[in-house]
Amino acid sequence: MAELDEKPFPPGEYPAVVIGSGPGGLQASYCLGRLGVEHAVLSRDETPGGMFRSFPIYQRLLSWTKPDAPFPPGTREYEWYDHNSLLGEEPEHRAAIVPFMDRSYMVPSRPEMEQGLAAFAENAGVRVRYGCTWESARRESDGALALTTSDGEYRCRAAVFALGVTEPWKSPIPGIEDVPHYADARKPHEYQGKRVFVIGKRNSGFELADGLLPWAQQVFLGSPRPVDTSVIALSSVRVRYLQPYEDAGLGGGTFALDVALERIGRTSDGYRIIGAGTTQEGPLDLEVDEVIAATGFSTPLRDLTDCGVHTVAQGRIPAMTPYWESEAGSGIYFAGNATQGAAGLKKHGVGASSPAVQGFRYNARVMARQLAEMHLGVKIRRPKVPGGREELISYLLREVSHAPELWAQKSYLARVVYDTGETEIVPLSHFLDHPPHYAVAVAVEMNAEGSIYPAVYTTNGDGNEHLLPPHHLNDFQGEEYVRELQSLL
């Protein structure tokens, strides 16, 4: 008992180290543990939850969980309907968010999410050295990574940085330094009767607008680009976008302005916004009571750039391979919502769900297998598809109809079956860039109009992409689809 009460993972050498105890870090640790990989988990926080200990600032998440669904909690299929729980090998480790939801809304609250993550960590035995802050990293002469922390130094062959995209970032607008960031927004009732300008028209901007609608006199959202309604229609966060946008369309107290801001100035009792219209030309000169910068976040990389980590998105997010490694062979991996730095194919402009739990939980499972095999020499056991050609066709069609990985990570993750009969989930772009001999991959894809359909990729000499037709009930196991695959395989 005394040993359990001690702080785990003292400084020293480990095969791998995971930094962070948010959903990305917890999921990565769980998956590494199930592969038998010895590793340490470090977190500056005192409890699990990561960003969900503080955000969303107005409490409701963007992603939904349906407590009652066509499949019971604890099954693989139920993951389709639960976008917030982490993945577990055992049924008792799954659907951890559900018991904490009060069902007042199918979108969990921030406290419900935090409680569910803590329950997952406890029930699944994910141990963390809390109160241990990662401070810096360096590459040793033997290729190992040395991580300096507030508790001492750790050495490892591979490290997983589950740091989140949580460091407030402001766009370079003169005067924005005097504007509070989304992370510093006050409680909604404190904006009662005020005119509020929100800089930004993406997730955090519309979250703020949605929370302010019952309180503020007027809400203005401003950014240079127009709201892409086609993206909203296909997005899992549209539940939070559409209310303010509908209010703007009805001529209510909300305005979604396409404007390039030139400067923000303080007045005696508020702010003055100066800018120019983009899609509709003309100057903007507006006085408001409050301004909030919903301009996004960045990943707190510290000195990882000195270890060869590059960035994308104006330096805010680490660049990475399809397997979420900074560079192939570097041993620097990322988990959590920073995995959006691997964009994937983005077919028809539809991106992966890597910024959200529903997507990056599957990334972590694939990443853990890659890390273990490539850097630690772990022999990964890949299951085989039993039977012959007809069984293979049935298996592939069942996967595109029901596999939650493929539905959550459309056009990013694919189910591959090799000529040996072995099968696994891999990043689709990696499969296409490094095609194995005589293999077939299937993925679920969606076009710009919102139609969902299976895609089949073969490497039996042609390397072709074959798109199968959509089905109104998303059931791709009928005779039409069997005949299509028979002709391809």
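To start, this report covers the structure provided alongside it. (Residues numbered from 1 in each chain as written. Predicted model: local features only at pLDDT ≥ 70, side-chain atom pairs only at ≥ 80, totals over all residues. Heavy atoms only, no water.)

## Topic: the environment of aspartate 142
Let me state the cut-off plainly: To qualify as a helix, a DSSP run of H or I must reach at least 4 residues; to qualify as a strand, a run of E must reach at least 2; elements of each kind are numbered from the N terminus. Note on classification: 1.4 Å probe, protein chains only; a residue is buried when its accessible area is under 20% of the maximum for its type, exposed when over 50%, partly exposed between these limits. We call two N or O atoms a polar contact when they sit within 3.5 Å, provided that within protein one can donate a hydrogen and the other can accept it, with sequence-adjacent residues counted only if both atoms are side-chain atoms.
Structurally, the position occupied by aspartate 142 is in the loop between strand E3 (134-139) and strand E4 (145-149). On the accessibility criterion, aspartate 142 (52% relative accessible area) is exposed. On a C-alpha basis, the gap between aspartate 142 and arginine 157 in space is 9.7 Å, while along the polypeptide they are 15 residues apart. Polar contacts involving the side chain of aspartate 142 include one to the main-chain amide nitrogen of alanine 144, which spans 3.0 Å.

## Digging into the nonpolar core
Inside soluble globular proteins, nonpolar side chains tend to come together where they are buried. Heads up, the rule is: Working definition of a nonpolar core: buried Ala, Val, Leu, Ile, Met, Phe, Trp, Tyr and Cys residues. They are joined through side-chain atoms within 4.5 Å. Contacts between residues were defined by any pair of non-hydrogen atoms, one from each residue, lying within 4.5 Å.
Membership of the largest hydrophobic core comes to 109 residues, with the highest contact counts inside it found for Val17, Leu147, Phe161, Trp324 and Leu371. Looking at this core element by element, the count peaks at 9 residues for helix H7 (residues 357-376). Once residues lying within four places of it in the same chain are set aside, the contact partners of phenylalanine 161 are Ile19, Trp134, Leu147, Leu304, Ile332, Tyr333, Phe334 and Ala335. Core analysis: the next-biggest nonpolar cluster, separate from the first, contains 22 residues, Tyr191, Val198, Val227 and Ile292 among them.

## Observations regarding the pattern of salt bridges
Definition in use: We count a salt bridge whenever a side-chain nitrogen from Lys or Arg sits within 4 Å of a carboxyl oxygen from Asp or Glu.
Applying the stated rule across the entire model yields 25 salt bridges. One salt bridge in this structure joins lysine 201 and aspartate 258, with 3.2 Å as the shortest N-O distance. Of this pair, lysine 201 sits in the loop between strand E7 (195-199) and helix H4 (203-212) while aspartate 258 sits in strand E9 (residues 254-266), placing them 57 residues apart in sequence. For the residue pair lysine 201 and aspartate 258, the accessibility class agrees, reading buried in each case. As a salt-bridge pair, glutamate 390 and arginine 389 come within 3.5 Å of each other at their nearest N and O atoms. Looking at glutamate 390, the relative accessible area reads 39%, which means it is partly exposed.

## Considering the side chain of asparagine 363
Within the secondary structure, asparagine 363 sits in helix H7. For asparagine 363, the side chain forms a polar contact with the side chain of glutamine 409, separated by 2.9 Å. Apart from residues no more than four positions distant in its own chain, asparagine 363 is found in contact with Trp324, Thr339, Ser354, Gln409 and Leu413.

## Quick look at helix H8 (residues 389-402)
Put simply, the rule is: Multiply 1.5 Å by the residue count of a helix minus one, and that product is the helix's expected span.
Along its 14 residues, H8 runs 20 Å from first to last C-alpha, staying within 8% of the 20 Å computed at 1.5 Å per residue. Within H8, burial applies to Leu392, Ile393, Tyr395, Leu396, Leu397, Glu399, Val400 and Ser401. Its buried side turned inward, H8 meets helix H9 (404-408), strand E17 (413-417), strand E18 (423-427), strand E19 (440-446), strand E20 (452-458) and helix H11 (479-488).

## Regarding the pairing of E17
To be explicit about the condition: Strands qualify as paired when DSSP identifies two bridges or more between them.
Buried residues dominate E17, accounting for 5 of its 5 residues. Taking every second residue as pointing to the same face, both faces of E17 are buried, with Leu413, Arg415 and Val417 on one and Ala414 and Val416 on the other. Pairing geometry for E17 and E18, over 5 bridges, is antiparallel. In the sheet register, alanine 414 faces E18, and the bridge partner there is valine 426. Hairpin connection between E17 and E18: a loop of 5 residues separates the two successive antiparallel strands, and glycine 421 in this loop has a positive phi of roughly 90°. For E17 and E19, the ladder comprises 3 bridges, and the chain directions are antiparallel. When the sheet's bridge partners are listed, arginine 415 is paired in E19 with valine 442.

Fair warning: the whole summary comes from geometry, so function is off the table for now.
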